[in-house]
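Results of the structural survey
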Amino acid sequence: MIKNPASVQALRRLARLALQRSGILEWRPGKVGILHLDLVTAALRQLGRSEQISPDEETGRLWRADALDLFQLGGMDSRLLAAVADASLKRLRVAPKDIAAGALVGYHLYRSERAALISRLQTRFLARFSAAEIVENGELGYWSMLRADAGFFKRLPPVEAMLERLPKLEFPINFLKEGDKPVIYASGDDAYIRRFGPNLLCSIAKHSPGADVVLNLTAPTPPTLGLVEQWRRELPLSVAASLERLSPRQWPLAKRNVYYACIRFIRALQWLRKLNRPLILIDLDAEARCDLQSAADGMENYDVAMMLDQRRRGPFRETPVGFVYYNNTPAAHGFLATVAAYIGHFLLNAEPCWMLDQTAHYATLRHYIATRTPLRVRWHDFQTFPLAAFVGEK
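Below: a short report on this structure. Since this is a predicted model, take the numbers as computed values, not measurements.

1. Quick word on the overall build of the protein chain
Of the regular secondary structure elements, the protein chain holds 15 helices and 10 strands. Relative to the globule expectation of 21 Å for 394 residues, the C-alpha radius of gyration of the protein chain, 23 Å, shows essentially globular dimensions. Over its C-alpha atoms, taken along the principal directions, the protein chain stretches across nearly 75 × 45 × 45 Å. Classification of the 394 residues of the protein chain by burial places 55% in the buried group. For the protein chain, long-range pairs separated by at least 24 residues make up 79% of all intrachain contacts whose partners lie at least 6 apart in sequence. As displayed, the protein chain offers around 17700 Å² of accessible surface, 53% of which is attributable to carbon and sulfur atoms. Measuring between centres, the 52 positive side-chain charges of the protein chain sit 4 Å from its 40 negative side-chain charges.

2. Re the state of the cysteines
Between two cysteines, a covalent bond joining their sulfur atoms is known as a disulfide. Summed over the entire model, instances satisfying the criterion amount to 0 disulfides. Unpaired in terms of disulfides, Cys 262 finds its nearest cysteine sulfur in Cys 353, a separation of 10 Å. Given a relative accessible area of 2%, Cys 262 falls into the buried group.

3. Points about the pairing of strand β4 (residues 238-244)
Taken across its 7 residues, β4 has 7 buried, putting it largely inside the fold. On β4, burial covers both faces: Ser 238, Ala 240, Ser 242 and Glu 244 on one face and Val 239, Ala 241 and Leu 243 on the other are all buried. Where strand β1 (residues 170-174) and β4 come together, 3 bridges link them in antiparallel fashion. Opposite Ile 173, over in β4, you have Ala 241 as the bridge partner. Since strand β3 (residues 212-218) and β4 lie parallel, the crossover through helix α12 (residues 222-234) that links them has a hand, and here it is right-handed.

4. Considerations on the environment of Trp 271
With respect to the element layout, Trp 271 can be found in helix α13 (residues 253-275). Given a relative accessible area of 0%, Trp 271 falls into the buried group. Taking the C-alpha atoms as reference points, Trp 271 and Ser 242, separated by 29 residues in sequence, lie 8.9 Å from one another. For Trp 271, the contacting residues outside a window of four places in its chain are Leu 169, Phe 171, Tyr 185, Val 214, Ala 240, Ala 241, Ser 242 and Asn 276.

5. Examining the packing of aromatic side chains
Per the stated rule, a full pass over the model turns up 18 aromatic pairs. Measuring from ring centre to ring centre gives 5.2 Å for Phe 152 and Tyr 342, while their planes differ by 70°; the resulting arrangement is edge-to-face. Of this pair, Phe 152 sits in helix α9 (residues 150-155) while Tyr 342 sits in helix α14 (residues 330-349); the two residues are 190 residues apart in sequence, bridging distant segments of the chain. Taking the relative accessible area as the measure of exposure, Phe 152 reaches 5% and is therefore buried. Taking the centre distance of 5.1 Å and the plane angle of 85° together, the rings of Phe 171 and Trp 271 count as edge-to-face. Of this pair, Phe 171 sits in strand β1 while Trp 271 is found in helix α13, placing the two residues 100 residues apart along the sequence. For Phe 171, a relative accessible area of 33% translates into the label partly exposed.

6. Some details on helix α4 (residues 78-94)
In this model α4 runs 25 Å from its N-terminal to its C-terminal C-alpha over 17 residues, within 8% of the 24 Å that 1.5 Å per residue would give. All of the buried residues in α4 are Leu 80, Leu 81, Val 84, Ala 85, Ser 88, Arg 91 and Leu 92. One side of α4 holds all its buried residues, which, seen down the axis, span an arc of 125°. Exposed residues on α4 whose side chains face more than 90 degrees from its buried face are Arg 79 and Arg 93. Contacts made by the buried residues of α4 are with α2 (37-53), α3 (57-72), α5 (99-111) and α6 (115-126). Capping of α4 at its N-terminal end is provided by Asp 77; its side-chain oxygen lies 3.0 Å from the backbone amide nitrogen of Arg 79.

7. Re the packing of α13 against helix α15 (residues 356-371)
Packing of α13 against α15 brings their axes to within 8 Å, and their N-to-C directions diverge by 40°. Taken together, α13 and α15 sit at an angle that is classed as oblique. Of the residues in α15, those touching α13 at Val 258, Ala 261, Cys 262, Arg 264 and Phe 265 are Leu 356, Asp 357 and His 361. Classifying every residue of the contact of α13 with α15 by side-chain character gives 5 nonpolar, 1 polar and 2 charged.

8. Brief notes about the packing of α3 against α5
Look at α3 against α5: their axes get within 9 Å of each other, and the N-to-C directions meet at 40°. Both α3 and α5 take part in a crossing whose hand is left-handed. Contacts between α3 and α5 involve Arg 64, Ala 67, Leu 68, Phe 71 and Gln 72 on the former and, on the latter, Ala 100, Ala 101, Ala 103, Leu 104, Tyr 107, Tyr 110 and Arg 111. For the contact of α3 with α5, the residue count by class is 9 nonpolar, 1 polar and 2 charged.

9. Considerations on the side chain of His 380
With respect to the helices and strands, the residue His 380 is situated in strand β9 (residues 377-381). Residue His 380 is classed as buried on the basis of its relative accessible area, which comes to 18%.

Analysis parameters
Every chain is numbered on its own, with residues counted from 1 as its sequence reads. At least 70 in pLDDT is required for a residue's local features to be given in this predicted model, at least 80 for side-chain atom pairs to be given and counted, and no such filter applies to totals for whole chains, interfaces and linings, which use all residues. To obtain the side-chain values, all non-hydrogen atoms of the structure were included, while hydrogens and water were left out. What counts as a helix is a DSSP run of H or I of at least four residues, what counts as a strand is a run of E of at least two, and both are numbered from the N terminus. Restricting the calculation to C-alpha atoms gives the radius of gyration, and the globule rule supplies 2.2 Å times the number of residues raised to the power 0.38. When accessible area is computed with a 1.4 Å probe and restricted to protein chains, residues below 20% of their type maximum are described as buried, those above 50% as exposed, and intermediate ones as partly exposed. Contacts were defined at the residue level, with two residues in contact if any of their heavy atoms lie within 4.5 Å. Surface accessibility in these figures is a Shrake-Rupley result with a 1.4 Å probe; residues are shielded only by whichever protein chains are displayed. Neither His nor the chain ends contribute to the count of charged residues, in which Lys and Arg are positive and Asp and Glu negative. To locate a charge, take atom NZ for lysine, CZ for arginine, CG for aspartate or CD for glutamate. Cysteine sulfur atoms that come within 2.5 Å of each other are treated as a disulfide pair. Note: two strands are recorded as paired if DSSP finds a minimum of 2 bridges between them. By definition, the crossover connecting two strands over a helix is right-handed if that path, from the first strand to the second, turns clockwise as seen with the strands pointing away from the viewer. Two rings belonging to Phe, Tyr or Trp (six-membered ring only in the last case) form a pair when the distance between their centres is within 6.5 Å. Interplanar angles under 30 degrees mark stacking, angles over 60 mark edge-to-face geometry, and anything in between is tilted. An expected span of 1.5 Å times one less than the residue number is assigned to each helix. Note that the arc is defined by the directions from the helix axis to the C-beta atoms. Counting of polar contacts relies on pairs of N or O atoms within 3.5 Å, with two restrictions inside protein: one atom must be capable of donating a hydrogen and the other of accepting it, and residues adjacent in sequence are counted only when both atoms are side-chain atoms. Here an angle of 0 to 180 degrees is reported between the N-to-C directions of two axes, which are lines fitted to C-alpha atoms, with helices fitted over the stretch in contact. Roughly parallel means an angle under 35 degrees; roughly antiparallel means over 145; roughly perpendicular covers 65 to 115; every other angle is labelled oblique. Following the grouping adopted for this structure description, the nonpolar residues are Ala, Val, Leu, Ile, Met, Phe, Trp, Tyr, Cys and Pro, the charged ones are Asp, Glu, Lys and Arg, and the polar ones are all others, Gly among them. Crossing handedness: left-handed means the near helix sits turned counterclockwise from the far one by under a right angle, and right-handed means the same turn made clockwise.

In structure tokens:
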């Protein structure tokens, strides 16, 4: 092993040079750019070696921060993650509020398929922070939404109790004809409907003329309702709409955005029950690439179809929910009811944070596996998903 201090410094200089060349130092979530993840991996191994020989506060902080970025980008192998997590666990003994260290330990356990254990440990870790600190830090916010232990689901009230506390869902536009084909469903607030609705609906009309489409509107203005009525008349689609009159504009922007992103699953449950037909949920800002109704092919042997990110980027990103197919089966109804109750718990009783919708699906699936609750899931690879294109962080 290298013990010469000059050699340790050389390792650190080489690692920093590789990080600069990789582009990772300028990367931020949602930022478009070219990243060389192989260089990041090599640099992290060099930094890890230098930390083993001669620990350094600044180097350790850089090592953990870039390791966290590499993991979230899907470029970290489990061996490297285990090494960083082991060092992070030691770091937490002297710095119990090191957020990157706590996250890396959690992600290592996640890769070990120990969802219930992660949930309990991260709850204890989060207890070290104030509510304001959790809301202000994205990583802490993600973990605060994860509840995968049996006790949480046992205490979770039935979805009907949560629905009673939400604004009543109204159905101002309902021109759907009877049938057994899946209904395509999207949801958003007033601004999002006006901004992204035309492109999504036009792409659906192009590839699925005659399809049944449901739009759920949160606090729509009269002009937006008029716009939906115009789409119903002019596009070769059967369009229905629901609305809720809650206007959460007094909430902070981050909380409003979480509500808009997550309430759609609760309203999807209400539509699934109302229509008694399969429901295809798709992001409002997505674009159909082909006939979305073709997702029904082969679904007679499944309850739910979801996308799977096989890069194993964490419990908040493993199951992107920009597309979910809920079949008209008792198991699918029960699964969506549990997901809706999970989401409703955080929307009504806690401080909801971003990724709640994806976390709810992941945690509920893990709960189903742990309790051996029957659910037939059809997986689509997220990176090669052929039916739609998505924008935004997944």
